[in-house]
Each structure stands twice: as structure tokens, then as C-alpha cells.
Amino acid sequence: MGFARTCSVTLVGVEGVVVEVQADLEPGVAAFTLVGLPDKSLTESRDRVRAAVVNSGGEWPQKKLTVGLSPASVPKAGSGFDLAVACAVLGAAERIDPRVLGGIVMIGELGLDGRVRPVRGILPAVLAAADAGYEQVVVPECAAAEASLVPGVSVLGIRSLRQLIAVLTDEPVPQEDAEEQAGPDPLLAGLRAPGTGADTGMHGAGAAPCDQGHDLADVVGQLSARTAVAVAAAGGHHLFLEGPPGAGKTMLAERLPSVLPPLDRQASLEVTAVHSVAGLLPPDKPLIDTAPYCAPHHSATMQALVGGGPGTARPGAVSLSHRGVLFLDETPEFSSRALDALRQPLESGHVVIARSAGVVRFPARFLMVLAANPCPCGRFSRTHEQCDCPPSAIRRYQARLSGPLLDRVDLRVEVDRVTRGELTAGGARGETTATVADRVRAARDRAAARLAGTPWRTNGEVPGRELRNRWHAAPGAMDDAERSLERGVLTARGLDRVLRVAWTVADLAGHDRPDASDVALALQLRTGVPRGVPMTIGAAV
């Protein structure tokens, strides 16, 4: 009788659980039993592992074989257990010393020829192994860079099972055939899910800092909207752009990620973990260090937006845009059920998906940008009478965005129609992305210094009670906003959000705390009602 054990990791959302893989050999009729709540893909590992061991030059034991996955109460999913199962079986058969396997975590899928293929979620799996105290991890060679992002863990990247056997038995490590390495590497296909390329709007590579292909200087006019974009980027405030088609709403949203500062180390790991689980992590970019940008189509379902789906819950658009921008173009065309599902993540910064098999939690701290036409035909405005829609149709169209959802939006800007003079005028353009990004970075530095020692990073994350009790505006600065609360123009949540925006305006302007003009501009951006305040902060944005 032989027994061996090693470890692997199963993922529950973006959180990993270390699983002990045990193999036991007993005399009897040759059979392979896998226990421990495996899913279909894991059950099929019996045939993959057997073929991989034989094709790697090993001998499959002709005995009764039982492989157990512990803890047995946690559901196991995916093909990432193949490598651990193969080594546990070889340890029980004494091909590998079982004492060597105990402190190693192995993650990888096996091909029938013994090659090790990558799986999704390498980064969160290695993070879970490190948190559990493991110091040695074996992963596919093409995923070693992603696994190496975790400090304090020794990562071994391998290309085949026979290479791993040689390493564990202190034998010469065989070199792979040169023909297998020529041309595109088919093993990289395991790192990306089908239908998740950059053209789908669900990618996470983000926008390069100050990308010249998406420069704010390309936007003609729209001074108010450009100011709102800078405020949104500096404080992490949600933005609603309403205006006729062709006015530049999509252009502004596409340029917002380039205005955001680069992600810090902790945020980069959070974003990379989500995209690794979703199969969106590019093989040549193991760490995402720029703000992601996600723009789902208006036909997206509630599961596509917030996560879920059949079988194992997958992260949705709100999680793929974590620490980045979620852009909902043609927002009234989204289903009301999908839009209202955004209320909870907008407040909490995470998504909790409850299923009969368990509860999954995904991070979802994103900056939301809504864009909408004022009416079905798109030509309705306060100054032009070109709209052919009846008033009832306009009311129904605008009512598709519920009041509770809009109450969670900090900035509301009406994007005006671009005139012929603005479009054809020569001379200096508006400020570039680089200039606005520098101003936003300086404002975030001021906010970070003020929020040092707290769990919050931006003004948009600070609870209203903390702003009222710890960081006060100038005396009398909030009088106009409080009167708006008494008249019913603002809700209590709206008053808190006005104060948050006022702090961001003050940070952009270099003020120590918000004064009356900062609050007035924040109130104008919040309600969309002109109050005679210049829509500029410092230089024209």
C-alpha cells in the first residue's frame, strides 16, 4: 500500500482555498476513483492524468487508486488540479519521494502528451498559497511571471510533467523538442477566454498613460464636460453625460482612463487577480498597472454586468472595471433590472453573488460613466426646438434611469451640441490629456495626504459621516447646499456627495478646505442646474 499527498488551490470567486490532494494505492482490481466534490472538468482529469503519465515515460500503477481532495466540503472546479493529482499518484507509486511533495503547491492542467497548460486564476491561487504559509509553488512556464508577482514565494515554471519529475527526483532535466517551441505557443490559449478580446469592450488592458490616440485635446468645446471629467478622475466620482448624438460623450469617456493615475501595487494586484480569473489577462502582461476600461453593449444581461452565470460564478463588467472605468453608453437602452443591480456595488465597492453552491464575492470599486440622449430622437434640448418626440415619449425615455440609481451619481453634465464655428475654428485646442492628468495626480496626492491612516484612497470613497465629523468645509460654505436639502432638491445622500465633490474641487484648486465657491460648483455639477459659477478650476480644463 502506498500513500502520498501534495497541495493545489481551488478558487471561490477571486479568493483561493488550499486543497490537499491525497493519493492512496491498495491491492485490488485496477481502478481510479476521485472523491471530494469535483466538477465535470475535474472528473475528466482521470483520463488526462493517466495519458500524461504514460506519455511522459512513467508507469501507471495497476492497483486500486483513490484520489481524495480535502477539505471534501468545498466544491472543486477546473482542470488546475491535474499536476497535483499526477504527482500524488507518482508519489504513492514511489516514483517520487512522497516527503518531497508535502510542502509544494502545484497548479496546472496536463495535456495528453504530458505538457503543462496554464489555467485561469494563477495570481489569486498563489496569493492563497502564500497566505496559508506555503513557500514553494509549481506553475506552467508561461504563467511563471504572473505567479512571481507574489512576494515570499519560490516559483518553479515547468513546461512538461517529465521536467517536473526530473526536478523532484534530482535527475537531469530533459530539454523540450525544438519543434514544439517553434511558431506560436498553443499553451498560451489557456490564459484567455474565448470572446473576450479588446474589440468586445470587456478587456482590461486599460489605457496607456497619456495615450496620444485618445487625447482630451481632440474633444471640441465641451468646457463643462471636460471639467467634470477632471473632477471625476480626481475624486473617483460617478459621471452622467446627457446630450445629443455626436456631441462627444463617448470621446470623453474613452479618454477618462488616460487621465487616471497609474495603479499602485495593491490595486494592480487586485485588478490582475480579477482579470486572471476571468481569462482576460494578456500572456505578455502579467501585471495590469493602468486603470481598466470596460464598455459593455446595452444588450448585456444582469449577469454580464454584476457577475454570475451558470455553473461557476464569473466576474461581471463591474468587477472587470475594478479600480477603473465602467462606461455604459446609451444607458436608457439597458434593461432596468440590469441597471438597478448596480446600486449595491456602487455603495459597497464589491459584489456578493449568492448561489445554492455557496456565496462568491468579487471586488467592484469602479468609476461609472453614464451616457444618454435626452430623448428617443436625440434632438431635445432647452434651447433648440428640433425634437419631434411627444412629451410623453420624452418622459418615458428619461424615466428608464431610476431615481435611486441617479442619486448615486455625483456629477451630471449636459453636453451641448457642437457648433460649426467650434468645429472649424483653428488655433489652440483644449488642454491635453497629459496636462489634465498632472492636475489630477496633484489633487489625488493632496487627498492621499489628508486621508493617510484611513482605509480610503479618494474623496468618493469617504463616508458622509466621516466628512461631516472629521473634515469640515469653511464656515458657511455649505449653507446653500443645506437649503437645497430642506427644499427637497437634494437627498441626505446627495448632500454628502456634494461635500465629497466640493473636497475634490478644493484639491484641484489647491485650497486647504472647500469654500463657498467650491461648494457652489459641486452643487452645480450635482444637480445640473446652472448657478452662475464658472465651470473652470484653475486653468480651463
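Residues numbered from 1 in each chain as written. Predicted model: local features only at pLDDT ≥ 70, side-chain atom pairs only at ≥ 80, totals over all residues. Heavy atoms only, no water.

This part covers the side chain of His 350. Locating His 350 in the fold gives a position in strand S13 (residues 350-355). When its relative accessible area of 18% is taken as the criterion, His 350 is described as buried. Apart from residues no more than four positions distant in its own chain, His 350 is found in contact with Gln 344, Pro 345, Arg 361, Phe 362, Pro 363 and Ala 364. (Helix = DSSP H or I, 4+ residues; strand = E, 2+ residues; numbered from the N terminus. Buried < 20%, exposed > 50% of the residue type's maximum accessible area, 1.4 Å probe, protein only. Contact = heavy atoms within 4.5 Å.)

Sheet architecture is open: five strands sit in the order S11-S12-S15-S10-S16, paired in parallel fashion. Both edges of this open sheet fall to strand S11 (293-294) and strand S16 (411-414), since each of them pairs with a single strand only. With four bridges connecting them, strand S10 (residues 239-242) and S16 associate as parallel partners. Among the inter-strand pairings, Glu 242 is bridged to a residue of S16, identified as Glu 414. Where helix H10 (residues 249-259) meets the sheet, it contacts S10, S11, strand S12 (325-328) and strand S15 (367-372), and its direction lies at approximately 170° from that of S15. (Pairing = 2+ DSSP bridges. Axes fitted to C-alpha atoms, helices over the stretch in contact; angles between N-to-C directions.)

Glancing now at the packing of helix H9 (residues 223-235) against helix H22 (residues 492-509). The interhelical angle for the contact between H9 and H22, taken along N-to-C directions, is 100°, at an axis separation of 9 Å. Judged by the angle between their axes, H9 and H22 are roughly perpendicular. In this structure, H9 contributes Ala 230, Val 231, Ala 234 and Gly 235 to the contact, and H22 contributes Val 501, Thr 504, Val 505 and Leu 508. Looking at the contact of H9 with H22 residue by residue, the class counts come to six nonpolar, two polar and no charged. (Parallel < 35°, antiparallel > 145°, perpendicular 65-115°, else oblique. Nonpolar A, V, L, I, M, F, W, Y, C, P; charged D, E, K, R; others polar.)

If you add up the space inside the largest pocket, you get close to 1,300 Å³. Taken together, 49 residues form the lining of the largest pocket, with His 322, Arg 323, Arg 365, Arg 457 and Glu 461 sitting closest to its centre. Among the elements that make up the lining of the largest pocket, the one with the highest residue count is helix H11 (residues 265-278) (five residues). Per-class residue counts for the lining of the largest pocket are 22 nonpolar, 11 polar and 16 charged. (1 Å grid on protein atoms, 1.4 Å probe; cavity = no way out; pocket = protein on both sides within 12 Å on 5 of 7 lines; lining within 4 Å. Points joined across faces, edges and corners; volume = space filled by probe spheres on them.)

Here the focus is the nonpolar core. By size, the foremost hydrophobic cluster in this structure holds 58 residues, and its most contacted members are Val 231, Leu 239, Leu 241, Val 369 and Leu 525. Not counting residues up to four positions away in its chain, the partners in contact with Leu 525 are Ala 228, Val 231, Asp 410, Leu 411, Arg 412, Val 413, Val 501 and Met 535. By size, the runner-up hydrophobic cluster in this structure holds 37 residues, among which are Leu 65, Leu 101, Leu 110 and Val 138. (Core = buried A, V, L, I, M, F, W, Y, C linked by side-chain atoms within 4.5 Å.)

Taking burial as the measure, the five residues of strand S8 (residues 136-140) include four buried ones, the bulk of the element. Sheet topology places strand S5 (residues 104-106) next to S8; three bridges connect them, and they run parallel. Paired with Val 105 across the strands is Val 137, a residue of S8. Taken together, the five bridges between S8 and strand S9 (residues 154-158) define a ladder with parallel strand orientation. Bridge pairing links Pro 140 to Ile 158 in S9.

Direction vectors running N to C along helix H21 (residues 479-486) and H22 enclose 165°, while the axes themselves pass 10 Å from each other. For the element pair H21 / H22, the angle class is roughly antiparallel. For the pair H21 and H22, the crossing hand works out as right-handed. Contacts between H21 and H22 involve Ala 481, Glu 482 and Leu 485 from the first element and Ala 492, Leu 495 and Val 498 from the second. Taken together, the residues of the contact of H21 with H22 break down into five nonpolar, no polar and one charged. (Left-handed = near helix turned anticlockwise from the far one by under 90°.)

Our next topic: helix H5 (residues 122-131). Structural remark: α-helix, 3.6 residues per turn; residues separated by three or four positions point the same way. H5 sits mainly inside the fold: seven of its 10 residues count as buried. Residues of H5 that are buried include every one of Ile 122, Leu 123, Pro 124, Ala 125, Val 126, Ala 128 and Ala 129, and no others. In this structure, the buried side of H5 is in contact with strand S1 (2-12), strand S2 (15-26), S5, S8, helix H6 (144-147) and H11. Looking one or two residues beyond H5, the residue adopting positive phi is Gly 133, at roughly 100°.

Attention shifts here to the environment of Thr 536. Following the sequence through the fold, Thr 536 ends up in the segment after helix H23 (516-527). Between the alpha carbons of Thr 536 and Arg 226 there is a distance of 9.1 Å; along the sequence they are 310 residues apart. Each residue touching Thr 536, except ones within four places of it in the same chain, is listed here: Leu 223, Thr 227 and Leu 521.

Before going further, it helps to examine the pattern of salt bridges. Side chains carrying opposite charge are able to pair once their charged atoms draw close together. Across all of its chains, the model carries 28 salt bridges by this definition. One salt bridge in this structure joins Arg 526 and Asp 407, with 2.7 Å as the shortest N-O distance. Of this pair, Arg 526 sits in helix H23 while Asp 407 sits in the loop between helix H17 (403-406) and S16, and the two are 119 residues apart along the sequence. When sorted by exposure, Arg 526 lands in the same class as Asp 407, which is buried. Among the charged side chains, a salt-bridge network with shared partners connects Glu 347, Asp 407, Arg 408, Asp 410, Arg 493, Arg 497 and Arg 526. (Salt bridge = Lys/Arg side-chain N within 4 Å of Asp/Glu carboxyl O.)

Let us look at H22. For H22, built from 18 residues, the straight-helix expectation of 26 Å at 1.5 Å per residue is met to within 8% by its first-to-last C-alpha distance of 26 Å. Of all 18 residues that make up H22, 15 are buried, and the element is covered over most of its length. At the C-terminal side of H22, Gly 510 shows a positive phi close to 85°. (Expected span 1.5 Å × (residues − 1).)

Taken residue by residue, the protein chain gives an average pLDDT of 87. The fraction at 70 or more is 91%. Within the protein chain, the element-level pLDDT minimum falls on helix H8 (residues 178-181), averaging 45, and the maximum on S5, averaging 97. Low confidence marks residues 178-183, where pLDDT is under 50. Its contacts with residues over four positions away, or in another chain, come to four contacts. In this model residues 205-210 is a low-confidence stretch, pLDDT under 50, and it forms 16 contacts with partners more than four residues away in sequence or in other chains. (pLDDT = per-residue confidence, 0-100.)

Attention now moves to the environment of Ala 448. Position of Ala 448 among the secondary structure elements: in helix H19 (residues 433-450). Overall, the relative accessible area of 40% leaves Ala 448 in the partly exposed class. With 14 residues separating them in the primary sequence, Ala 448 and Val 462 have C-alpha atoms 12 Å apart.

Residue class for Arg 526 comes out buried when judged on its relative accessible area of 3%. If we ignore the near neighbours within four places in the chain, the residues touching Arg 526 are Leu 406, Asp 407, Val 409, Asp 410, Arg 412, Leu 490, Gly 494, Arg 497 and Val 498.

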